[in-house]
Amino acid sequence: VSGGEHMAYSNILVGAGSRPAQPAIRKIGVADLQDALAKGADDFYAMPTHAMFLCIIYPIVGFALARLAFGYSILPLLYPLASGFALVGPIAALGLYELSRRREAGLDTSATRAFSVFESSSIGAIAALGILLLIIFVIWVAVANAIYIANFGYASPSSVEAFVEDVFTTRAGWNLILVGNLVGLLFAILVLSISVVSFPLLLDRDVGAAVAVLTSVRAVAHNPVTMMVWGLIVAALLVVGSLPLFFGLTVVMPLLGHATWHLYRKVVEPEGSLRPTLPEERKERRSAADFPTVLFPWAK
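Residues numbered from 1 in each chain as written. Predicted model: local features only at pLDDT ≥ 70, side-chain atom pairs only at ≥ 80, totals over all residues. Heavy atoms only, no water.

Student: In this structure, what is going on with the overall build of the protein chain? I would like to understand it.
Tutor: Looking only at helices and strands, one finds 15 helices and 0 strands in the protein chain. Split into buried and exposed, the 300 residues of the protein chain put 42% on the buried side. The long-range fraction of contacts in the protein chain, counting pairs at least 24 apart against all pairs at least 6 apart in sequence, stands at 79%. Carbon and sulfur atoms form 70% of the exposed surface of the protein chain, whose accessible area is close to 15400 Å². (Helix = DSSP H or I, 4+ residues; strand = E, 2+ residues; numbered from the N terminus. Buried < 20%, exposed > 50% of the residue type's maximum accessible area, 1.4 Å probe, protein only. Contact = heavy atoms within 4.5 Å. Areas by Shrake-Rupley, 256 points an atom, 1.4 Å probe, with all protein chains shown as cover.)

As structure tokens, then:
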């Protein structure tokens with residue numbers, strides 16, 4: 001590996017600083033979660049981002065329904081795929097974190113600004129973390145499929161009714177529900193631990209993927225009960241959002257995305273490492289009156 005490539009790799013892992021950052025973690029309580037949700041709702045009200053999710057969810061639902069119409073082989077995977085939303089949600093919410101960050105900093109929050117994430121100097125680390133979550137999601141679907149096959153064999157369900165009846169009235173079905181949900185819970189805990197504050201942290205500071213994941217794990221370890229409650233809130237809202245053919249997610253996902261940014265603000269101390277650079281911020285000329293905020297970019 002050449003020197004330049006080595007620098008690029010270490011930058012993705014530990015950021016642009018001369019030594020890996022160790023962002024300080026705060027202790028938070030359930031009241032902080034309520035406040036984060038309230039601020040998230042306020043952001044969503046100020047910047048209605050549900051249209052972005054309609055564009056994503058309509059084709060997914062259409063595809064799933066079309067697939068169901070042609071055969072029932074996808075039926076056993078519908079629940080793992082739907083619950084898997086929670087595993088890839090942090091990637092889907094990237095633009096929301098960016099809009100919340102911009103609103104907090106008093107910058108332009110037009111919808112197109114959500115895409116300025118792709119021009120951040122942290123994008124390598126964000127992409128690495130995104131790929132990790134997608135790999136976990138694929139493994140979860142494969143494991144869920146294996147659990148189904150172990151209980152019901154390789155044959156596709158003959159109909160929706162027969163499938164539902166098998167799942168809820170047979171020993172194999174109860175086994176599938178119990179084992180599937182327990183394994184799913186382990187995947188959810190893993191993803192919550194590595195991603196609860198890692199993506200917002202990468203948008204806010206140039207710390208690298210390894211430091212972001214470690215900080216996220218430390219945040220969960222430092223606030224186990226509060227983070228467990230947060231996980232339950234996320235799960236409950238995703239279930240409620242999924243019920244009317246996933247369309248409730250067009251409100252739930254933006255709400256959770258914006259709230260996650262404010263949760264990050266509460267958990268991670270705002271000081272230390274370098275800010276990632278964005279193109280328009282590199283070009284902007286600051287006046288002398290802005291001098292104190294240049295030193296403290298996170299301050300309102």
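Student: Honestly, the environment of Val183 in this entry has me stumped. Any pointers?
Tutor: Residue position: Val183 is located in helix α9 (residues 171-195). Once the C-alpha coordinates of Val183 and Ile147 are considered, the two residues, 36 residues apart in sequence, prove to be 9.5 Å apart. In this structure Val183 touches Trp140, Val143 and Ile147, once residues within four positions along its chain are discounted.

Student: Just to check I follow, could you spell out the confidence of the model for the protein chain for this structure?
Tutor: Any region with low pLDDT has predicted coordinates that should not be read closely. Confidence in the prediction for the protein chain averages 79 pLDDT; 73% of positions are at 70 or higher. The least confident element of the protein chain, judged by mean pLDDT, is helix α15 (residues 291-295) at 42; the most confident is helix α11 (residues 209-222) at 94. Contacts for the low-pLDDT stretch residues 281-300, under 50 throughout, to residues beyond four places or in other chains number 14 contacts. (pLDDT = per-residue confidence, 0-100.)

Student: Hey, could you run me through the nonpolar core in this one?
Tutor: Generally speaking, a soluble globular protein has its nonpolar side chains buried in company with each other. Among the nonpolar cores identified, the biggest contains 53 residues, and Trp230, Leu263 and Val267 are the most heavily contacted of them. Those residues within four positions of Trp230 in sequence are excluded, and the remaining contacts are Leu33, Leu37, Leu192, Val196, Leu256, Ala259, Thr260 and Leu263. Leu75, Ile147, Phe163 and Leu176 belong to the second-largest nonpolar core, a separate cluster that totals 6 residues. (Core = buried A, V, L, I, M, F, W, Y, C linked by side-chain atoms within 4.5 Å.)

Student: Whenever I open this one, the packing of helix α2 (residues 30-46) against helix α13 (residues 249-267) confuses me. Can you help?
Tutor: Helices that pack against each other are described as a pair by the angle of their axes relative to one another and the distance between those axes. The N-to-C vectors of α2 and α13 enclose an angle of 125°; their axes lie 7 Å apart at closest approach. As far as their axial angle goes, α13 and α2 are oblique. Read as a crossing pair, α2 and α13 show a hand that is right-handed. Across the interface between the two elements, Asp32, Leu33, Asp35, Ala36, Leu37, Lys39, Gly40, Ala41, Asp43 and Phe44 of α2 pack against Thr250, Val251, Pro254, Leu255, His258, Ala259, His262, Leu263 and Lys266 of α13. (Axes fitted to C-alpha atoms, helices over the stretch in contact; angles between N-to-C directions. Parallel < 35°, antiparallel > 145°, perpendicular 65-115°, else oblique. Left-handed = near helix turned anticlockwise from the far one by under 90°.)

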